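# Summary of the model geometry
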Amino acid sequence: MTRSTLTVAAAAALALGALATPLATQAQQPAKLKVGFMLPYTGTFAALGVAIENGFRLHLAEQGGKLGGREVEIVKVDDESDPSKATDNVNKLIKRDEVDVVVGTVHSGVAMAMAKVAKDTGTLLIVPNAGADAVTGPMCAPNIFRSSFSNWQPAYAMGEVAAKRGHKKVMTITWKYAAGDESVGGFKEAFEKNGGQVTKSLNLPFPGVEFQALLTEIAAAKPDAVYAFFSGGGAVKFLKDYAAAGLPKTVPLYGPGFLTDGILEAAGDVSQGMVTTLHYADGLNTPRDNAFRLAYAKAYKLQPDVFAVQGYDAAQMLGAGLKAVGGDTTKKPQLIAAIEAAQIESPRGPFKLSKAHNPVQDIYIRKVDGKVNQVTGIAIKALADPARGCRL
Ligand code: BEZ
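First things first, this report covers the structure right here in the doc. All values derive from a computational prediction rather than experimental measurement.

Going through the model one piece at a time under the given rule, you end up with 20 aromatic pairs. Each ring, one from Phe 37 and one from Phe 56, has its centre 5.0 Å from the other, and the planes form 80°; the classification is edge-to-face. Here Phe 56 lies in helix α2 (residues 46-62) and Phe 37 lies in strand β1 (residues 33-39), a separation of 19 residues in the sequence. Considering the side-chain rings of Phe 211 and Phe 238, the 5.1 Å spacing of their centres and the 80° angle between planes classify their relative orientation as edge-to-face. In this pair, Phe 211 is assigned in the loop between β8 (197-204) and α7 (212-221) and Phe 238 in helix α8 (residues 232-244), connecting sequence segments 27 residues apart. As far as burial versus exposure is concerned, Phe 211 and Phe 238 are alike and both buried. Among the aromatic residues, ring-to-ring pairing joins Phe 45, Phe 149, Trp 175, Tyr 177, Phe 206, Phe 211, Phe 229, Phe 230, Phe 238, Tyr 242, Phe 258 and Phe 307 into one connected group. In this structure, Lys 76 is placed above the aromatic ring of Tyr 41, and the distance from its NZ or CZ to the ring centre is 4.8 Å.

One way to say it: the disulfide is the covalent bond shared by the sulfur atoms of two cysteines. Counted by the stated rule, this structure contains one disulfide. Two residues share a disulfide in this structure: Cys 140 and Cys 390, whose sulfurs sit 2.2 Å from each other. Judged by the sign of its S-S torsion, about 90°, the cystine formed by Cys 140 and Cys 390 is right-handed. A residue pair is termed long-range when its members are at least 10 positions apart, and Cys 140 in the loop between β5 (124-127) and β6 (144-146) and Cys 390 in the segment after β14 (372-383) qualify at 250 residues. A relative accessible area of 5% places Cys 140 in the buried class. The exposure class of Cys 390 is buried, given its relative accessible area of 16%.

Further remarks concern the site of the ligand. The environment of the ligand is formed by 15 residues, the closest being Val 106, Ser 108, Gly 131, Tyr 177 and Ala 179. The separation between an oxygen atom of the ligand and a polar side-chain atom of Ser 108 is 2.7 Å. Gly 131 places a main-chain nitrogen or oxygen 3.0 Å from an oxygen atom of the ligand. Summarising the interface, the protein chains cover 100% of the accessible area of the ligand, which totals 270 Å² for the free molecule. Of the residues that constitute the shell around the ligand, the class distribution is nine nonpolar, six polar and no charged. Each of domain 1 (33-149 + 283-360) and domain 2 (152-278) contributes no fewer than three residues to the shell around the ligand.

Cut-offs and rules
Residues numbered from 1 in each chain as written. Predicted model: local features only at pLDDT ≥ 70, side-chain atom pairs only at ≥ 80, totals over all residues. Heavy atoms only, no water. Phe/Tyr/Trp six-rings, centres within 6.5 Å; stacked < 30°, edge-to-face > 60°. Helix = DSSP H or I, 4+ residues; strand = E, 2+ residues; numbered from the N terminus. Buried < 20%, exposed > 50% of the residue type's maximum accessible area, 1.4 Å probe, protein only. Lys NZ or Arg CZ within 6 Å of the ring centre and 35° of its normal. Disulfide = S-S within 2.5 Å. Near = heavy atom within 4 Å. Polar contact = N/O pair within 3.5 Å; in protein donor to acceptor, adjacent residues only side chain to side chain. Areas by Shrake-Rupley, 256 points an atom, 1.4 Å probe, with all protein chains shown as cover. Nonpolar A, V, L, I, M, F, W, Y, C, P; charged D, E, K, R; others polar. Domains from an automatic or database assignment.

Quick look at the structure:
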């Protein structure tokens, strides 16, 4: 080698050396973890989708934007709470965007379509609201988890509460879809076991708000009480129409807490004094919940609701799994085992998951007082969904 070629070679080696450190550093940076949010951002459940996303992002921010040591990139799809578009929407996230995990959704019918795709593809799915009993029942799978509730849980608790309050004959009213049917089913199961009777079940198509004829039927039948499942924008309209029909004075209204959570500002005074049951409440006054509420209010200039808590806990569950595998999602059995074993320090109170991957949790009794769903007691402690049909 001549002197000049040596110099050129040495210079090149030096240049490579100079580059070597940053390249190596870059190579060690794990790829971003892609999280697909499939949530409603339009329609009657839009505010619920936003609250879930807010909650998830709050936990992520508290972890410095990383879960299991990996930076997180969020990809979003608006599912419009439309089951007919659900399979295409979830496939966009899994096949087109190649997400590592899907978080969604609110609507039970959409969630069941998502669970089928998750089961078929093996993609990790965390359901941050939809209570479809089937998701942690016959459709249960190692890669499917829920951070929220089953439709049966708060409804069953309300059936016991309504019976204890001395009601004998109750009518029910809801949207005709899985969540409405299952909520009424859970309520009826406990209410009739405790001596009550559901005299008639009324319903209307999702997401309809033409309640007038059904309210006229309730007024004519004069039941002891009504049990209703609605949520989001539809719940606001229902509560206003129920009040406008003059019913609250003679026929007390009950429901799972979705009926009054996140909507008290919009509903005005129409639900004052209403009693509901849910796995979250205002006024829990635990250090964990107080810290969460303060952080949420600071970040979003809003009070959190149950949907925000469920989003926050979906991120906590994912974080617990990823931490155990150092962010390596290819170690799926270990990741799943870590979520299964985790105790989630939720604002609602600590919980663990059932064998079917649904939270085992206290169901609170709450009463609407001004603009809050104030906790007044615990209806049932550590209530586990029966997970009928799950073979895990
Ligand atoms: C559901 O479809 O499962 C659901 C929607 C809103 C609130 C609660 C449950």
